[in-house]
Amino acid sequence: MDKHGQTIACLLAEQRDQEAALRFLKKAIVRNALPETITIDGSKANASAMRSSNEAHGTTSVIRQVQYFNNIVE
């Protein structure tokens, strides 16, 4: 979701692993540019993918985890 509360992208996948999260992140960045802050739910796979992407590309996107964030979308 962006700062206006609009959904930028949402991923529903059979498996929530780091590989799937990284693919999703790459698509979201291509469509919307590199974010300053990424807010995700409590998924460890998502957090791991975001840290991995930051390290691989030398970026500094802040990762903000909210345990029940997915409830907003649901």
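In this text, all values refer to a predicted model and were calculated from it rather than measured experimentally.

Cut-offs used in this document
For every chain, the first residue of the written sequence is number 1, and numbering continues from 1 along that sequence. Only residues with pLDDT of at least 70 get local features here, since the model is predicted, and only at 80 or more are side-chain atom pairs given and counted; chain-wide, interface and lining totals rely on the full set of residues. To get the side-chain values, take all heavy atoms of the structure and skip hydrogens and water. What counts as a helix is a DSSP run of H or I of at least four residues, what counts as a strand is a run of E of at least two, and both are numbered from the N terminus. Classification of residues uses two cut-offs on accessible area relative to the type maximum, computed with a 1.4 Å probe and protein chains only: under 20% is buried, over 50% is exposed, and between them is partly exposed. Note on contacts: a residue pair is in contact if any heavy atoms of the two residues lie within 4.5 Å. The Shrake-Rupley method, run with a 1.4 Å probe, gives the accessible areas here. Residue values count only the displayed protein chains as cover. The span you would expect from a helix comes to 1.5 Å times its residue count less one. Strands are treated as partners if at least two bridges between them are detected by DSSP. For crossovers, right-handed means that the path from the first strand over the helix to the second runs clockwise, given strands pointing away from the viewer.

Student: I'm lost on the overall build of the protein in this one. Help?
Tutor: Counting its secondary structure elements, the protein contains three helices and two strands. Starting at the N terminus and ending at the C terminus, the protein contains elements arranged as α-β-α-β-α. Across the 74 residues that make up the protein, the buried fraction comes to 24%. The contacts in the protein between residues at least 6 apart in sequence include a share of 65% that link residues at least 24 apart. Accessible surface for the protein amounts to roughly 5700 Å². Of this, 50% is attributable to carbon and sulfur atoms.

Student: Sorry, what's going on with the side chain of asparagine 46 here?
Tutor: Relative to the helices and strands, asparagine 46 resides in helix H2 (residues 44–57). The residues touching asparagine 46, leaving out its near neighbours within four places in the chain, are Arg16, Ala21, Ile40 and Asp41.

Student: Sorry, what's going on with helix H1 (residues 18–32) here?
Tutor: The α-helix advances 3.6 residues per turn, and as a result positions three or four apart in sequence lie on the same side. With 15 residues, H1 should reach 21 Å at 1.5 Å per residue; the first-to-last C-alpha distance of 21 Å fits that figure. Taken together, the buried positions of H1 are Ala20, Ala21, Leu22, Leu25 and Ala28. Residues of H1 that are buried make contact with strand E1 (37–40) and H2. Following H1 by one or two positions, alanine 33 has its phi on the positive side, about 80 degrees.

Student: Before we go on, may I ask you to explain the pairing of strand E2 (residues 62–65) in this structure?
Tutor: Side chains on a regular strand alternate between the two faces of the sheet. Relative to E2, E1 is paired through four bridges, and the arrangement is parallel. Paired with threonine 37 across the bridge in E2 is valine 62. You can see the chain leave E1, run along H2 and come back into E2, and the turn it takes is right-handed.

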